[in-house]
Amino acid sequence: MNKRIVSPDGPEKEYEDVVFDGLALKGITISSKQFYDCVFKNCDLTGVEFISCKFPDCKFISCNLSLIKVTGSAFPNVEFKDSKLVGVNWTDAYWPCMKISGSLRFVNCVISDSNFLGLSLRDGCFTKCLAKGADFRSSDLSRANLTHTDFTDSLFGGTNLTDADLSQAKNYAIRISDNQVKGARFSMPEAMALLYYLGIKIESQ
């Protein structure tokens, strides 16, 4: 990859194999740009508005992307690692009619108060994250990796969790009757929370 002193708000319309390192672009608008196999590292992109941009196979590492707007932008096969993405409405992004498995991967990220309502996130990755107050209602998380993530106050309803892995995940409130959980994996003691909505009383010996 080329590590260049370059900014994504410059005159270029396409960037390929570029490393954007240490940029501070809070609150700007970036429109109709295409980024192929690029890496964003240690960048402050708080509140940036991405309009009709494409990020195929890109990586965001140790970035602040809180409150970004993703209007009409596509993120196929994108990974976010060690980054902060609070309050992002992912439903505003471009989602192709052909569902792409594993299109988003979050590793050790803060994705609290983000909206994934109704999205196809099959085979996606949300591991070692803080997802406080995130909305996963009506989304497809089948076969997703949700391990070691804190789902405090997150919303699940009509969610497809078939064969999803929630091992070592915690603080989730999942009503079995309202979600698809066949084949999903849970860990004890957190899995005891599933029984709460069944009206079952468990007494200690």
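Everything below is about the structure shown above.
This is a predicted model, so every value here is computed, not measured.

Asker: Report on the pairing of strand E9 (residues 78-81), specifying residues and quantitative values.
Answerer: The pairing of strand E8 (residues 59-61) with E9 spans 3 bridges and is parallel. Looking at E9, one finds that Lys59 is bridged to Glu79. Bridge count between E9 and strand E10 (residues 104-107): 4 bridges; the pairing is parallel. Bridging from a neighbouring strand, Phe80 pairs with Phe106 of E10.

Asker: Kindly report on unusual backbone geometry, identifying the contributing residues and their values.
Answerer: Among all residues except glycine, the phi angle is most often negative; among peptide bonds, the trans geometry is most common. Residue Pro189 is reached from Met188 by a cis peptide bond, and omega for that bond is 5°. Structurally, Pro189 is set in the loop between strand E13 (185-186) and helix H1 (193-196). For Asp113, which is not glycine, the phi torsion reads 60° and is therefore positive. Within the fold, Asp113 resides in the loop between E10 and strand E11 (125-127). Phi is positive for Lys128, close to 60°, though the residue is something other than glycine. In this fold, Lys128 is placed in the loop between E11 and strand E12 (165-166).

Asker: Tell me what's going on with the environment of Ser112, and back it up with residues and numbers.
Answerer: Looking at the element boundaries, Ser112 is found in the loop between E10 and E11. Residue classification places Ser112 among the buried residues on the basis of a relative accessible area of 7%. Note: C-alpha distance between Ser112 and Leu85 (27 residues apart in sequence) is 7.3 Å. Once residues lying within four places of it in the same chain are set aside, the contact partners of Ser112 are Leu85, Val86, Gly87, Leu130, Ala131 and Lys132.

Asker: Would you mind going over the pattern of salt bridges in detail, with residue names and values included?
Answerer: Following the criterion strictly, the structure yields 5 salt bridges and no others. Note that Asp123 is salt-bridged to Arg143, the shortest N-O span being 2.8 Å. Here Arg143 lies in the loop between E11 and E12 and Asp123 lies in the loop between E10 and E11, a separation of 20 residues in the sequence. Overall, the relative accessible area of 27% leaves Asp123 in the partly exposed class. Classification of Arg143 as partly exposed rests on a relative accessible area of 42%. The salt bridge involving Asp135 is made with Arg137; its shortest N-O contact spans 2.7 Å.

Reading guide: rules and limits
- Residues numbered from 1 in each chain as written.
- Predicted model: local features only at pLDDT ≥ 70, side-chain atom pairs only at ≥ 80, totals over all residues.
- Heavy atoms only, no water.
- Pairing = 2+ DSSP bridges.
- Helix = DSSP H or I, 4+ residues; strand = E, 2+ residues; numbered from the N terminus.
- Buried < 20%, exposed > 50% of the residue type's maximum accessible area, 1.4 Å probe, protein only.
- Contact = heavy atoms within 4.5 Å.
- Salt bridge = Lys/Arg side-chain N within 4 Å of Asp/Glu carboxyl O.

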